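Chain by chain, the residues:
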Amino acid sequence: MEKLICHDCGKAIQNDEEYMPYKVGSEIYIKCKACHQTDPVLRNFRKTEVYSRVVGYIRPIQQWNKGKRAEFADRKEFIVNQPACC
Ligand SMILES: [Zn+2]
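No experiment lies behind these values; they were computed from the predicted model shown. (Residues numbered from 1 in each chain as written. Predicted model: local features only at pLDDT ≥ 70, side-chain atom pairs only at ≥ 80, totals over all residues. Heavy atoms only, no water.)

Asks: Whenever I open this one, the coordination of the zinc ion confuses me. Can you help?
Replies: Reference values for coordination geometry: four tetrahedral donors around a metal ideally subtend 109.5 degrees, six octahedral donors ideally subtend 90 or 180 degrees. Looking at the zinc ion, one finds its protein donor set to be Cys6 (SG), Cys9 (SG), Cys32 (SG) and Cys35 (SG), positioned 2.2 to 2.3 Å from the metal centre. The site at the zinc ion holds 4 donor atoms, and with the angles between them running 99 to 114°, its shape is tetrahedral. Expressed as a motif, the donor residue spacing for the zinc ion is C-x2-C-x22-C-x2-C. Here cysteine 32 lies in strand S2 (residues 27-32) and cysteine 6 lies in the segment before strand S1 (19-24), a separation of 26 residues in the sequence. (Donors = N, O, S within 2.8 Å, 3.2 Å for Na, K, Ca; no water. Tetrahedral: all angles 85-135°; square planar, octahedral: opposite > 155°, others 65-115°. Helix = DSSP H or I, 4+ residues; strand = E, 2+ residues; numbered from the N terminus.)

Asks: When you look at the nonpolar core in this model, what are you seeing that I'm missing?
Replies: Across soluble globular proteins, you tend to see nonpolar side chains buried next to one another. Within the largest apolar cluster, 6 residues are counted, these being Leu4, Cys6, Ile13, Ile30, Cys32 and Cys35. In contact with isoleucine 13, other than residues within four places in its own chain, are Leu4, Cys6, Tyr19, Ile30 and Cys32. (Core = buried A, V, L, I, M, F, W, Y, C linked by side-chain atoms within 4.5 Å. Buried < 20%, exposed > 50% of the residue type's maximum accessible area, 1.4 Å probe, protein only. Contact = heavy atoms within 4.5 Å.)

Asks: What exactly am I supposed to notice about the pattern of salt bridges here?
Replies: When charged atoms on two side chains of opposite charge get close, those side chains can pair. Going through the model one piece at a time under the given rule, you end up with 5 salt bridges. In this structure, aspartate 8 engages lysine 31 in a salt bridge whose closest nitrogen and oxygen atoms are separated by 3.2 Å. Of this pair, aspartate 8 sits in the segment before S1 while lysine 31 sits in strand S2; the two residues are 23 residues apart in sequence, bridging distant segments of the chain. For glutamate 17, the salt bridge goes to lysine 11, with nearest N and O atoms at 2.9 Å. (Salt bridge = Lys/Arg side-chain N within 4 Å of Asp/Glu carboxyl O.)

So this is what it looks like as structure tokens:
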């Protein structure tokens, strides 16, 4: 059986330990009893959707093809020095 890990504290759930499962779409998240009693609401489980510009259009990176995603990973951010006044 797959090892169950608490979503909040990262602790491994023991065989005889109580836990709370949360089903979100096809994903199942687990909270140990202590974390569930502290906060019964499942938080921070959604993946962040990142948008960026590709060939002139702003699109979610998840919809890009493999080559464009590799190019996005190679991009470097830099800060352009702003003029002191307009
Ligand atoms: Zn926990």
